[in-house]
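Spelled out from the first residue to the last, the chains are:
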Amino acid sequence: MRRGWKNKRVGLALGSGGARGWAHLGVLEVLQENGVEVHCVAGTSMGAVVGSFFAAGREPALRELAADLDWNRLRQFFWEISLSRSGLTDGRRLLEETAKLLGHREFRELDIPFRAVATDLAGGAEVVLSSGDMLQALRASISIPGLFSPVRIGRRLLVDGGLVNPVPVNVARDMGAQVVLAVDVSQGIREDEAVRTEAEASDGDVPVGPLRLPRKTDEEEAASPMQVLENFFDDVEKKMRRLKASWRARETKPDMLEVLVRSVRIMEAQIARTRLAAEPPDVLIEPNVGGIGTLDFQRAKEAMAAGRAAAEKALS
């Protein structure tokens, strides 16, 4: 297959998916090892972040961060809750830390042509960002509604590009790519145990209701008062067990942020499937990252390994 790429312009389309997007680094590593020259990159959300570092020649810095990432390090990027009217954070800290690692601020400074995809909040249109302040473009592309406040660029208010184009194959083609390698990390959302448990608890809740002495059956008419009382306490114990099970289920109920982020990712997975069917890439790489949550950024090594495995399989 790669022999047919000779003298052709190869483009990358890196998809959205939050922490799953670390898999893009594993894919890039395999492409480089196999001598695949990439001429242009288009990315959405986390795909835009990884794509920008690759286009800037700063991919090693991002890889170094991913290799040593834990919750303490993550706080440098996300420990900032602004509680603005339109999102939990305005992303100021994230931009500051990204700028330190990236070292570039303008699209024109990049070694490889790069595009970031965002969504126009007013009209719902796909917005392709290709010039000016690249950090603001990245901030717009990753702006999951509710988590990040929207970004104003020009007259437009922008949010996460995954809402309209999770895997921007069409953007890579518009950049002149004759062969498009697309990386989709949105598929394979695994069942969330907390959500399932809560649903089961809701369906199976039995009203405890007032506790009353049970009516005697015909068999109990001849029973002693102590036997009747013992049956009553058995009934109380059963109802308390059901009540405790319901409480435990409610303790595992996902919070608002989990519900919001998971809902967005489910929607993006459906949109990605539809768009990839309508605009198929030449090579589709699908890392097995379904068990990694959108915000599980500390699982970078696992995602990168999945990216490597999927790229090796696709290129073979």
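Residues numbered from 1 in each chain as written. Predicted model: local features only at pLDDT ≥ 70, side-chain atom pairs only at ≥ 80, totals over all residues. Heavy atoms only, no water.

A. The arrangement of the pattern of salt bridges in detail. If you walk through the whole model with that rule in mind, you get 13 salt bridges. The partner of E126 in a salt bridge is R275, with the nearest N and O atoms 3.1 Å apart. Of the two residues, E126 sits in strand 5 (residues 126-129) while R275 sits in helix 10 (residues 256-278), which places them 149 residues apart along the sequence. Taking the relative accessible area as the measure of exposure, E126 reaches 28% and is therefore partly exposed. A salt bridge links R299 to D296; the nearest nitrogen and oxygen atoms lie 3.4 Å apart. Residue class for R299 comes out partly exposed when judged on its relative accessible area of 24%. (Salt bridge = Lys/Arg side-chain N within 4 Å of Asp/Glu carboxyl O. Helix = DSSP H or I, 4+ residues; strand = E, 2+ residues; numbered from the N terminus. Buried < 20%, exposed > 50% of the residue type's maximum accessible area, 1.4 Å probe, protein only.)

B. Layout of the nonpolar core. By size, the foremost hydrophobic cluster in this structure holds 67 residues, and its most contacted members are L12, W22, L31 and F114. What L12 contacts, discounting residues up to four positions off in sequence, is L28, L31, V38, C40, V41, A42, F54, A172 and L181. Ranked by size, the runner-up nonpolar core spans 14 residues in total, among them A13, A42, V167 and A177. (Core = buried A, V, L, I, M, F, W, Y, C linked by side-chain atoms within 4.5 Å. Contact = heavy atoms within 4.5 Å.)

C. Inspection of the packing of helix 1 (residues 23-33) against helix 11 (residues 300-315) at higher detail. Contact geometry of helix 1 with helix 11 gives a least axis separation of 6 Å together with a crossing angle of 45°. By the angle between their directions, the pair helix 1 and helix 11 is classed as oblique. In the packing of helix 1 onto helix 11, the handedness of the crossing is right-handed. Contacts between helix 1 and helix 11 involve A23, L25, G26, V27, E29, V30, L31 and E33 from the former and A303, M304, G307, R308, A311, E312 and L315 from the latter. Taken together, the residues that form the contact of helix 1 with helix 11 break down as nine nonpolar, two polar and four charged. (Axes fitted to C-alpha atoms, helices over the stretch in contact; angles between N-to-C directions. Parallel < 35°, antiparallel > 145°, perpendicular 65-115°, else oblique. Left-handed = near helix turned anticlockwise from the far one by under 90°. Nonpolar A, V, L, I, M, F, W, Y, C, P; charged D, E, K, R; others polar.)

D. Representation of the confidence of the model for the chain. Here the chain averages 82 in pLDDT, and 72% of its residues register 70 or above. The low-confidence segment residues 202-214, where pLDDT is below 50, has 11 contacts with residues more than four positions distant or belonging to other chains. (pLDDT = per-residue confidence, 0-100.)

E. Structural detail: the packing of helix 2 (residues 46-55) against helix 6 (residues 134-141). One way to put it is that helix 2 packs onto helix 6 with a least axis distance of 8 Å and a crossing angle of 155°. Between helix 2 and helix 6, the crossing angle belongs to the class labelled roughly antiparallel. Here helix 2 runs over helix 6; the crossing is left-handed. Contacts between helix 2 and helix 6 involve A48, V49 and S52 on the former and, on the latter, M134, L138 and S141. Along the lines of polarity and charge, the residues of the contact of helix 2 with helix 6 split into four nonpolar, two polar and no charged.

F. Layout of the packing of aromatic side chains. Under the criterion given, the structure shown has one aromatic pair. Their ring planes at 15° and their centres at 5.8 Å tell us that F107 and F114 sit as a pair that is stacked. On the accessibility criterion, F107 (7% relative accessible area) is buried. Exposure remark for F114: the relative accessible area of 2% places this residue in the buried category. (Phe/Tyr/Trp six-rings, centres within 6.5 Å; stacked < 30°, edge-to-face > 60°.)

G. Focus on helix 11. The end-to-end C-alpha separation of helix 11 is 22 Å, in line with the 22 Å expected for 16 residues at 1.5 Å each. What helix 11 keeps buried is the set A300, A303, M304, A306, G307, A310, A311 and L315. All buried residues of helix 11 lie within an arc of 160° about the axis, which places them on one face of the element. Among the exposed residues of helix 11, those pointing more than 90 degrees away from its buried face are K301 and K313. Turning to helix 11, the residues buried within the fold contact helix 1, helix 3 (59-67) and strand 10 (283-285). (Expected span 1.5 Å × (residues − 1). Arc of directions from axis to C-beta.)

H. Spotlight on the pairing of strand 1 (residues 10-14). By the criterion of burial, strand 1 is predominantly enclosed, with five of the five residues buried. Because side chains alternate across strand 1, one face comprises the buried residues V10, L12 and L14, and the other comprises G11 and A13, equally buried. Strand direction decides the pairing type here: strand 1 and strand 2 (residues 40-44), joined by four bridges, are parallel. Opposite L14, over in strand 2, you have G43 as the bridge partner. After leaving strand 1, the chain enters helix 1 and then returns to the sheet as strand 2, a path that is right-handed. (Pairing = 2+ DSSP bridges. Right-handed = clockwise from strand over helix to strand, strands pointing away.)

I. Region of the structure containing the environment of P281. Position of P281 relative to the elements: it lies in the loop between helix 10 and strand 10. Each C-alpha atom of the pair P281 and L12 lies 9.5 Å from the other, and the pair is 269 residues apart in sequence. With residues up to four places along the chain from it excluded, the contact list for P281 reads V169, R173, V180, A182 and L276.

J. Here's a closer look at the pairing of strand 8 (residues 156-160). Judged from the three bridges that link them, strand 4 (residues 114-120) and strand 8 form a sheet pairing that is antiparallel. Directly across from A118, in strand 8, lies its bridge partner D160. When strand 7 (residues 151-153) meets strand 8, the two strands line up antiparallel, connected through three bridges. When the bridges of strand 8 are listed, V151 appears paired with L158. Counted along the chain from strand 7 to the antiparallel partner strand 8, the turn is two residues long, and its residue G154 has a positive phi close to 65°.

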